Amino acid sequence: MRKQRNEITVELRKNKRDEHLLKRRNVPQEEDLDDFDIDGDFRVQSITLSGIVQGASSDNPMIQLSAVQAARKLLSSDRNPPIDDLINSGILPILVQCLERDENPSLQFEAAWALTNIASGTSAQTQAVVKASKC
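No experiment lies behind these values; they were computed from the predicted model shown.

## Remarks on the overall build of the chain
Summing up its helical and strand segments, the chain has seven helices and two strands in all. Expressed as a percentage of the 135 residues in the chain, the buried residues total 30%. Relative to all contacts within the chain whose residues are 6 or more apart in sequence, the contacts with residues 24 or more apart total 52%.

See the structure below:
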């Protein structure tokens, strides 16, 4: 009984610590990602990579910011983020272009954060970011 109680207590502490770290990193919980409101009238129930890429390449600054932010959150929310899937989706050149948008510092910030998360993966993933930045 005592051993089982200790194991449960340790598990609860680990879960609480993980929750606290996610809050400090400003990462939404899984249920927060269900409704993704881009500009008030366009609502996506589940965020897809193609939807993120489409939104990130939009001419509307609010849609673009929301999509880049969704990509960043997707990369930040998981212990094994879908870095390769995002690279294969073709979002890297779009994120690099977002860095050039001087009129929108929030977009630059989110794009830089997403690119940093991608570059922090394997060496091949880092090379993909470097290659995209040279184009």
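## As for the packing of helix α5 (residues 92-99) against helix α6 (residues 105-119)
Two packed helices can be described by the angle between their axes and the distance between those axes. For the pair α5 and α6, interaxial distance at closest approach is 8 Å and the crossing angle is 140°. In terms of orientation, α5 and α6 fall into the oblique class. Relative to α6, the crossing made by α5 is left-handed. For the pair α5 and α6, contact is made by L92, L95, V96, C98 and L99 and by L107, Q108, A111, A112, A114, L115 and I118, respectively. Here the residues of the contact of α5 with α6 are counted per class, giving 11 nonpolar, one polar and no charged.

## Considerations on helix α3 (residues 61-76)
In this model α3 runs 22 Å from its N-terminal to its C-terminal C-alpha over 16 residues, within 8% of the 22 Å that 1.5 Å per residue would give. Every buried residue belonging to α3 is among I63, Q64, L65, S66, A67, V68, A70, A71, R72, L75 and S76, and all of these are buried.

## Observations regarding the pattern of salt bridges
Here the idea is simple: oppositely charged side chains can pair when their charged atoms come close. If you walk through the whole model with that rule in mind, you get two salt bridges. Residue E110 pairs with R72 through a salt bridge whose shortest N-O separation is 2.7 Å. Of this pair, E110 sits in helix α6 while R72 is found in helix α3, placing the two residues 38 residues apart along the sequence. Assigned by exposure class, E110 and R72 land together as buried.

## A look at the packing of α5 against helix α7 (residues 123-134)
With their axes 9 Å apart at the nearest point, α5 and α7 run at an angle of 55° to one another. Regarding the angle of α5 to α7, the classification is oblique. For the crossing formed where α5 meets α7, the hand is right-handed. Within the contact between the two elements, α5 uses L92, P93 and V96 and α7 uses A128, V129, A132 and S133. Residue composition of the contact of α5 with α7, by class: six nonpolar, one polar and no charged.

## Some details on the side chain of Q125
Topologically, Q125 is positioned in helix α7. Look at Q125 and you get buried, because its relative accessible area is 7%. Not counting chain neighbours up to four residues away, the residues in contact with Q125 comprise I83, D84, I87 and I118.

## Remarks on the side chain of N117
Looking at the element boundaries, N117 is found in helix α6. Apart from the residues within four sequence positions on either side, N117 is in contact with R72, L75, S76 and I83.

## With respect to the packing of aromatic side chains
Per the counting criterion, the structure on display carries one aromatic pair. Ring centres 5.5 Å apart and planes at 65° place the aromatic pair F109 and W113 in the edge-to-face group. Here F109 and its partner W113 are both found in helix α6, four residues apart, which amounts to about one turn of the helix. Above the face of the W113 ring, R72 is positioned so that its terminal group lies 4.0 Å from the ring centre.

How each quantity is defined
- Residues numbered from 1 in each chain as written.
- Predicted model: local features only at pLDDT ≥ 70, side-chain atom pairs only at ≥ 80, totals over all residues.
- Heavy atoms only, no water.
- Helix = DSSP H or I, 4+ residues; strand = E, 2+ residues; numbered from the N terminus.
- Buried < 20%, exposed > 50% of the residue type's maximum accessible area, 1.4 Å probe, protein only.
- Contact = heavy atoms within 4.5 Å.
- Axes fitted to C-alpha atoms, helices over the stretch in contact; angles between N-to-C directions.
- Parallel < 35°, antiparallel > 145°, perpendicular 65-115°, else oblique.
- Left-handed = near helix turned anticlockwise from the far one by under 90°.
- Nonpolar A, V, L, I, M, F, W, Y, C, P; charged D, E, K, R; others polar.
- Expected span 1.5 Å × (residues − 1).
- Salt bridge = Lys/Arg side-chain N within 4 Å of Asp/Glu carboxyl O.
- Phe/Tyr/Trp six-rings, centres within 6.5 Å; stacked < 30°, edge-to-face > 60°.
- Lys NZ or Arg CZ within 6 Å of the ring centre and 35° of its normal.

Shape is all these values report; function is a separate question.
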